[in-house]
Structures are given as structure tokens and as C-alpha cells.
Amino acid sequence: MMSAGKNAISSAVKKLSDALPPWKKFVALPMLEATKLYTYTPAVNDKELPEQLHYWFRQEVQLPARSIFILHDIYSTFNGVAFKNFQIFIPSLAGAWVKELFAYTFLLKQWYGKHIVLPETEDGIALVYDQWSSHNNYYHWLVDCLPRLLVLREKFPNHLLLLPKSAAGFIKTTAAIFGFDRFFFIDKDEILKAHKFIIPQHTAHSLFHDPVLIKRVREEIINGLGKAVKQPSRRLYLSRSRQPKRRLMNEEAFVEALAAYNFEVIHFEDFSFEQQVALMQQAEVVVGVHGANMTNILFMQPSCTVVELLNIHSVNPLYFRLSSYLELPYYALPCEQVEDKAFGEDVGIMPAANDYHLVADLGKMERILVSIFG
């Protein structure tokens, strides 16, 4: 537990941070114009879905104008929080609410801790990732960060990028495809001080996307890897059986039902990034439980079909939205959640709402398969 003294310091730092006026010392370069109102294409089985899903699946989105920010003499953490003098630069966060996680003694790291300094010979450094993507999160890098890299390239091609030292291969591969191969790495315990930061604003609200940029990301990666396929024909089930959370508990029976329609079982852990892109280019139909593996629908060809198994009690419609942008017919299969001691209930650890294992209704899945294949 936090000591009384440290608790008092933390509280005082937060009060000071909250009392300061908004950050004003930056230059905002126009990046993207506001978008028109976007209406999502309904799920193919929309009329069969329970009422609680309609709220999520019948939304619209309109994005405001967005900018590239230039700031001088500031600091950044490993996870992409830009700060100075007890203030956090909110556009560097995954969302404004994230400030509450860092508005305490964290802000004192400007004056203590392990500092590294960007050489003055560099014309600043670009920051395109945030707290959600700093730990090699596949979805957030591909869908949140790469659109920011696209717009950064318009004004600052092949600029030096700040990346976590632990950045996975797919991060460096995709950055290189977009023309960025100059990296400055930061470790978990380090604070970077730079005389100039370039921070493209997030291109969409959290868990939403800019439809035009998402298509550009898709096209550039497929073309960059030379993985285009003329006629997709494979039917793939993306298994999470090796993952610690959100597994399908009746997967054996589920796979048996899919086998009647010639589905293959795929574990993406067995494939390189390049192989995953190639595989999805070959996919006619993809079935999978909600999770990072479903991010690869980004590489499917238009008019191919997506079936997502999701927790009826904790709906996250981001892959529904991606399917709409990418012109992929989408089916939702709502599933019941299952409690399991594998989560660590014996030590009082409970899963987040969207992390429970699931059980699929085989009858409903059969109706979806009949709808797809006749």
C-alpha cells in the first residue's frame, strides 16, 4: 500500500496538475478535414440479433478536423505520454480519461529517474503510438497508429520515430512499408527529453476509425508485401485456444460443425506477419472470436465474409465497424460468457468483462453457415 507521505505528495501533484490552464505552447498544422457523417452497413443477420446489440450496431460517426502538433522541450515516457511542468499533453493519450492514470507522482519524473536525451543533431522526433499500442498491441498499432503514420508522411516523410525498445517485428515491418526506417528506441524505465516532438493527432475517436485511411493502410500493406490474390477460396476459423482469455469453451464441437463446410483451423501464433497477410488475402470466409486475431480482416478482399463470436454481455463493435469500412459482409454470433478458474479466481483475480471465455450456440452458427453457403 502507498505510504501516507507518498499519498500526500501524489494528491498534491494531482491538484497542481488539475489547477493548471490547458497546454497552449504548441503549433497545430492542419492534417485532415472533418468527415461527413458515416452510417455503418448493418450486419447481415441484424434482424436476428438481440435488442441490446442494436445500440452498438446502428451508430453513426462523424470525425472532426485533425492536426499534427509540434511541441518543444518536452518529455515522453515509454508508453507515449508527453508531459512537462506537471502538465500532460492530452492528444498524446489514448483518450482524455487516461490522464487520471498519470496525473500523480508520475509527473515528477521530469526531475528524477532515468533520462535519455534526443541528440540536437536530429530535427526532432515523431510520436505516433500511445498507451494502448506501446505493449505491441496488434490491433491498436495497425488500426490506430498506422493511419497516424500515413498523415505524418504527408508533411514529414521518413522522420525519426520514437518506438518502445520492445517493439515487435510487425511494427518495424509496417513502418518500413510506409517509408519510415529511422527509429529511436526507449526502454520501460526511461524518460526521453527532446527539443522537438511531432505528434499527429489520433485520426478517430477511440474504437472508431477513419474509413478512407483504413482502406489506405490495407492497400499499402498488401501492395508493399506483394501479397495480392485474385480469387480467395479458403474458409478459416481463427482459434484462440492457446490464449489465456476469451477462449471458446465448446470449440471441439464448434470446429466439428465448421468442418462440414470445409473450414480450416488457424492459429496465428504459427505464422509470421507476412504469412498472416497472405493467408487473409486467400480467405473467402473468416470465423473468429473477438480479439486481436480478428484485426487481420483488414487484409481480406472486399465482398468476403466475416463472422465474429462476441460476448453478449460486453459488446465491442470495432470489428463490425472495420468490416463496414472494408466492404466485408458481417455476421455477429452473440455468445454466453463462462467463468473459469484459469483466470485466477483462487487468488481473487476476476477477468475484465470482455475477457471471459465464451460458449457458442451451435444452432445459431448453423443458421449463419446456411445463410452464407445456402
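Quick note: structure is the one above.
Keep in mind it's a predicted model, so treat the numbers as computed, not measured.

K.L.:
In this structure, what is going on with the environment of arginine 218? I would like to understand it.
P.N.:
Within the secondary structure layout, arginine 218 lies in helix α5 (residues 211-225). For the pair arginine 218 and leucine 326, spaced 108 residues apart in sequence, the C-alpha separation works out to 8.9 Å. When residues no more than four places from it in sequence are discounted, the contact partners of arginine 218 are Gln281, Leu298, Phe299, Met300, Gln301, Pro302 and Leu326.

K.L.:
What is the right way to look at the sheet that holds strand β16 (residues 283-289) in this model?
P.N.:
Hydrogen bonds between backbone groups are what pair the strands of a sheet, and the pairing can be parallel or antiparallel. Pairing is mixed across the open sheet formed by six strands, whose spatial order is β15-β14-β16-β17-β18-β19. Each edge of the open sheet is held by one strand with a lone partner, namely β15 (264-266) and β19 (357-359). Strand-to-strand twist in this sheet, taken as the mean axis angle between neighbours without regard to direction, amounts to 30°. Where strand β14 (residues 234-238) and β15 come together, three bridges link them in parallel fashion.

K.L.:
What should I look at first to understand the sheet that holds strand β8 (residues 114-117) in this one?
P.N.:
What the five strands build is an open sheet, ordered β7-β6-β5-β12-β8; its pairing is mixed. Pairing within the sheet leaves two strands with one partner each, and these edge strands are β7 (87-88) and β8. Sheet topology places strand β5 (residues 74-77) next to strand β6 (residues 82-84); two bridges connect them, and they run antiparallel. Pairing of tyrosine 75 across the sheet is with phenylalanine 83, part of β6.

K.L.:
Even after reading the chapter, I still don't get the pairing of strand β4 (residues 66-71), so can you show me in this structure?
P.N.:
Regular strands have side chains that alternate between both faces of the sheet. Of all the six residues making up β4, six are buried; the element is thus mostly covered by neighbouring parts of the structure. Burial of β4 is two-sided: the residues Arg66, Ile68 and Ile70 facing one way and the residues Ser67, Phe69 and Leu71 facing the other way are all buried. Sheet topology note: the strand β1 (residues 27-32)/β4 ladder contains five bridges and is antiparallel. Note on β4: the bridge partner recorded for leucine 32 is arginine 66.

K.L.:
Help me understand the pattern of salt bridges in this model?
P.N.:
When the charged atoms of two side chains lie near each other, side chains of opposite charge can form a pair. This model, assessed by the stated rule, comprises 14 salt bridges. Glutamate 154 is the salt-bridge partner of arginine 216, the closest N and O atoms lying 3.7 Å from each other. Of this pair, arginine 216 sits in helix α5 while glutamate 154 sits in helix α3 (residues 138-155), and the two are 62 residues apart along the sequence. For arginine 216, a relative accessible area of 27% corresponds to the partly exposed category. Notably, a salt bridge pairs glutamate 264 with arginine 234, separated by 2.7 Å at the nearest N-O pair. Separated by 30 residues along the polypeptide, glutamate 264 in strand β15 and arginine 234 in strand β14 bring together distant segments of the chain. For glutamate 264, a relative accessible area of 28% gives the class partly exposed. Taking relative accessible area as the criterion, arginine 234 reaches 25% and is therefore assigned partly exposed. Taken together, the shared-partner salt bridges connect Lys245, Arg246 and Asp355 into one network.

K.L.:
Quick question: what am I supposed to make of the packing of aromatic side chains here?
P.N.:
Both the distance between ring centres and the angle between the ring planes are used here to describe each pair of aromatic rings. A full pass over the atoms with the stated rule returns 25 aromatic pairs. Arranged with centres 5.9 Å apart and planes meeting at 80°, the rings of tyrosine 139 and tyrosine 319 form a pair that is edge-to-face. One end of the pair, tyrosine 139, is in helix α3; the other, tyrosine 319, is in helix α8 (residues 318-325), with 180 residues separating them in the sequence. Here the two residues tyrosine 139 and tyrosine 319 agree in accessibility, since each one is buried. With centroids separated by 6.1 Å and ring planes inclined at 75°, the aromatic side chains of phenylalanine 263 and phenylalanine 373 adopt a geometry described as edge-to-face. Separated by 110 residues along the polypeptide, phenylalanine 263 in the loop between α6 (251-259) and β15 and phenylalanine 373 in helix α9 (residues 362-373) bring together distant segments of the chain. On the basis of relative accessible area, phenylalanine 373 is assigned to the partly exposed category, the value being 24%.

Cut-offs and rules
Residues numbered from 1 in each chain as written. Predicted model: local features only at pLDDT ≥ 70, side-chain atom pairs only at ≥ 80, totals over all residues. Heavy atoms only, no water. Helix = DSSP H or I, 4+ residues; strand = E, 2+ residues; numbered from the N terminus. Contact = heavy atoms within 4.5 Å. Pairing = 2+ DSSP bridges. Axes fitted to C-alpha atoms, helices over the stretch in contact; angles between N-to-C directions. Buried < 20%, exposed > 50% of the residue type's maximum accessible area, 1.4 Å probe, protein only. Salt bridge = Lys/Arg side-chain N within 4 Å of Asp/Glu carboxyl O. Phe/Tyr/Trp six-rings, centres within 6.5 Å; stacked < 30°, edge-to-face > 60°.

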